[in-house]
Amino acid sequence: MQVFDKNYANPRIYTANVGYEQEIASGWAGYLDLTISKGVHLTRFVNPNVCCSSADLVATQDVNLGSGPSYNGTPPFPNLGGITDTASSAKSLYRGATIGVRKSFNNRFQLDANYVWSEDLDDDSNERDPFSFHYYDFYNLAKEYSYSDRDEKHKFNLVTHAELPWKVSLDVRMQAHTAQPYSANPNATGTGPLCSNTEAAHRVQIGLGPGGTNVDCGRNFLRKDNGYFAFNFGAARPFHVGERFQVIPKVEVFNLFNNKNNINTISGSGTPLFDFDGFIRQGVGDPREAQLSVRFQF
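Since the structure is predicted, the reported quantities are computational estimates derived from the model, not experimental observations. (Residues numbered from 1 in each chain as written. Predicted model: local features only at pLDDT ≥ 70, side-chain atom pairs only at ≥ 80, totals over all residues. Heavy atoms only, no water.)

Asker: Just checking my understanding: could you explain the side chain of Asn226 for this structure?
Answerer: Relative to the elements of secondary structure, Asn226 occurs in the loop between β12 (222-223) and β13 (228-236). Polar side-chain contacts of Asn226 include one of 2.8 Å to the side chain of Gln180. Ignoring any residue separated from it by four or fewer positions in sequence, one finds Asn226 in contact with His177, Ala179, Gln180, Asn262 and Ile263. (Helix = DSSP H or I, 4+ residues; strand = E, 2+ residues; numbered from the N terminus. Polar contact = N/O pair within 3.5 Å; in protein donor to acceptor, adjacent residues only side chain to side chain. Contact = heavy atoms within 4.5 Å.)

Put into structure tokens, the structure is as follows:
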């Protein structure tokens with residue numbers, strides 16, 4: 001059954017941005033950019049037809065699967081089964097700092113490079129998915145507040161263009177970001193240090209307290225194996241045909257170092273028919289690729 005919260009409010013995003021740029025040499029400039037973005041009344045989907053408190057929670061569900069929690073006891077409306085309630089109780093907070101350098105095009109060369117540190121927090125990252133529940137406990141939604149599924153702590157971007165001798169133009173682009181977080185069943189068994197986020201704990205370790213008791217390490221305390229690095233370049237050389245025409249062959253190489261660039265290393269029982277969480281692709285990313293093209297210009 002689908003219902004709509006009578007107190008539903010439209011989402012609101014409040015954003016502030018401050019930037020500073022300073023010339024550091026002829027044609028070169030450094031810049032700093034700070035951004036903070038607060039989201040309130042964000043949409044989330046919950047199933048309120050459960051019984052009856054956090055103490056009744058049956059902690060056997062993996063929150064990555066979207067099946068939501070299960071509880072002991074008879075729900076308030078046993079004849080209705082699961083209810084999908086569209087509510088607006090979620091929130092988010094993004095904080096980011098960008099530091100970079102850019103060179104304007106002169107002496108046949110230009111460049112823009114920047115590093116971004118950011119922190120993306122929320123208590124529900126699935127506002128686009130009306131078919132599943134990704135929270136752990138309906139009666140303790142405040143505990144969901146942690147790293148967003150989209151969080152990427154570190155990013156680096158580099159873009160250059162150069163006019164080389166013999167009329168060859170070269171474009172280079174490099175992009176990199178660290179891995180995104182994911183949740184695991186807080187009641188699962190495992191080994192290793194308490195609430196570790198190391199690769200050795202990936203998938204298998206959740207956190208064991210004193211005496212071997214299970215510990216809820218919170219939402220998104222692990223990191224996927226989906227860090228990204230790609231180095232791409234393209235080179236072109238125009239050939240004049242008469243005064244009005246040009247033939248421009250170009251060679252391009254993508255992911256030069258053939259990094260694996262996993263898309264999504266965490267999945268449930270298979271790729272769903274409908275998927276709105278931004279990770280419809282799974283497995284490894286695009287391998288090293290090269291292409292040759294010819295453009296006729298007049």
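Asker: Sorry if this is basic, but what is going on with the state of the cysteines here?
Answerer: One covalent bond between the sulfur atoms of two cysteine residues makes up a disulfide. With the rule as written, the count across this model stands at one disulfide. There is a disulfide in this structure between Cys51 and Cys52, and the S-S distance comes to 1.6 Å. Taking the torsion about the sulfur-sulfur bond, which here is approximately -60°, the covalent link between Cys51 and Cys52 counts as left-handed. (Disulfide = S-S within 2.5 Å.)

Asker: Help me understand the pattern of salt bridges in this model?
Answerer: Any two side chains of opposite charge can pair if their charged atoms end up close together. Using the criterion set out here, one finds 13 salt bridges in the structure. Here Arg44 and Asp123 are joined by a salt bridge, their closest N and O atoms 3.6 Å apart. Note that Arg44 is positioned in strand β3 (residues 28-46) and Asp123 in the loop between β7 (109-122) and β8 (146-147), a separation of 79 residues in sequence. Comparing Arg44 with Asp123 shows no difference in burial state: the two are buried. Arg95 is the salt-bridge partner of Glu119, the closest N and O atoms lying 2.4 Å from each other. Taken together, the residues span a long stretch of sequence, with Glu119 in strand β7 and Arg95 in strand β6 (residues 84-106) at a distance of 24 residues. Here the residues in one salt-bridge network are Asp120, Asp122, Asp149, Arg150 and Arg219, joined through shared partners. (Salt bridge = Lys/Arg side-chain N within 4 Å of Asp/Glu carboxyl O. Buried < 20%, exposed > 50% of the residue type's maximum accessible area, 1.4 Å probe, protein only.)

Asker: How do you make sense of the pairing of strand β9 (residues 154-164) when you look at a structure like this?
Answerer: For a regular strand, side-chain orientation follows a simple rule: the groups alternate between the two sheet faces. Bridge analysis of β7 against β9 gives nine bridges, and the strand direction is antiparallel. Across the sheet, residue Ala113 finds its bridge partner in β9, namely Leu158. Both β9 and strand β10 (residues 168-177) contribute to a ladder of ten bridges, which runs antiparallel. In the strand pairing of β10, Ala162 is matched with Leu170. (Pairing = 2+ DSSP bridges.)

Asker: Please clarify how unusual backbone geometry should be interpreted in this entry.
Answerer: Phi is mostly negative for residues that are not glycine, and the peptide bonds are mostly trans. Here Cys51 and Cys52 are connected by a cis peptide whose omega angle stands at -5°. On the secondary structure map, Cys52 appears in the loop between β3 and β4 (57-58). In this structure, Asn107 takes a positive phi of about 50° despite not being glycine. With respect to the secondary-structure elements, Asn107 resides in the loop between β6 and β7. On the accessibility criterion, Asn107 (73% relative accessible area) is exposed. Of note in this structure, Asn255 is not a glycine but carries a positive phi near 55°. Inspection of the secondary structure puts Asn255 in the loop between β15 (245-254) and β16 (289-297).

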